[in-house]
Amino acid sequence: MTVDLITDVTPELVEAFEKLIPQLSSSAQPMGKKALKKFVAQPGVFLFTYRAVPTGEAPVPGLDPILGMLTLVTFQIPTGKRAWIEDVVVDNGARGQGAGQALVEAALDQAKVLGCVSVDLTSRPSREAANRLYVRCGFQTRETNIYRYVE
């Protein structure tokens, strides 16, 4: 398996977004190439992708498709550099094979390199497998309220 930090938008990445975003959210629309380029270029935003490639081998685009992705968002606040993991998704056919864990571990490694003092994420209780994964990766449930304002 291989996890890559994306720095360039390719047609294959656009295709992966078209396949994976609907598996993540029924209301979100996949980004086109222009929007993806803008997204990947943001400072403090890190997009990771997963492919099921044997260790030590280079992925072959087309033959080794992107099967998962995760976004790490980092930012500085008065109490230190923080990070959030967002939009973790693994293709339905690849779940349970370590893709999610590999993506989360890569994000945690990147956050550590960047000097983040904490990494947060949210997950609906109904996503039982995802919640078990986050606990296995060292995350702990926080006693807090989550609020959302929508115009």
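Residues numbered from 1 in each chain as written. Predicted model: local features only at pLDDT ≥ 70, side-chain atom pairs only at ≥ 80, totals over all residues. Heavy atoms only, no water.

Asker: How should the pattern of salt bridges be read in this particular structure?
Answerer: Side chains that carry opposite charge are capable of pairing whenever their charged atoms lie near each other. All chains considered together, the criterion is met by three salt bridges. For Arg51, the salt bridge identified is with Glu12, shortest N-O distance 2.8 Å. With Arg51 in strand β2 (residues 45-51) and Glu12 in helix α1 (residues 11-24), the pair connects residues that are 39 residues apart, well separated along the chain. With respect to burial, Arg51 and Glu12 carry one shared label: buried. One salt bridge connects Arg142 with Asp120, and the closest N-O pair in it is separated by 3.7 Å. Residue Arg142 is located in the segment after α4 (128-136), and its partner Asp120 is located in strand β5 (residues 118-120); the two are separated by 22 residues in the primary sequence. (Salt bridge = Lys/Arg side-chain N within 4 Å of Asp/Glu carboxyl O. Helix = DSSP H or I, 4+ residues; strand = E, 2+ residues; numbered from the N terminus. Buried < 20%, exposed > 50% of the residue type's maximum accessible area, 1.4 Å probe, protein only.)

Asker: What should I look at first to understand the nonpolar core in this one?
Answerer: Core analysis: the largest hydrophobic core is formed by 26 residues, its most contacted members being Phe48, Leu70, Leu72, Ile85, Val104, Tyr134 and Phe139. When residues no more than four places from it in sequence are discounted, the contact partners of Leu72 are Gly44, Val45, Phe46, Phe48, Ala83, Trp84, Ile85, Ala107, Gln110 and Ala111. In this structure, Leu13, Ile21, Leu36 and Val40 belong to the second largest nonpolar core, which totals 16 residues. (Core = buried A, V, L, I, M, F, W, Y, C linked by side-chain atoms within 4.5 Å. Contact = heavy atoms within 4.5 Å.)

Asker: Would you take a moment to explain helix α2 (residues 33-40) for this structure?
Answerer: Side chains three or four residues apart in an α-helix point the same way, a direct result of the helix having 3.6 residues per turn. Listed in full, the buried residues belonging to α2 are Leu36, Phe39 and Val40. Viewed along the axis of α2, the buried residues span an arc of 90°, placing them on a single side of the element. In α2, the exposed positions that point more than 90 degrees away from the buried face belong to Lys34 and Lys38. Lining the buried residues of α2 we find α1, β2 and β3 (66-77). (Arc of directions from axis to C-beta.)

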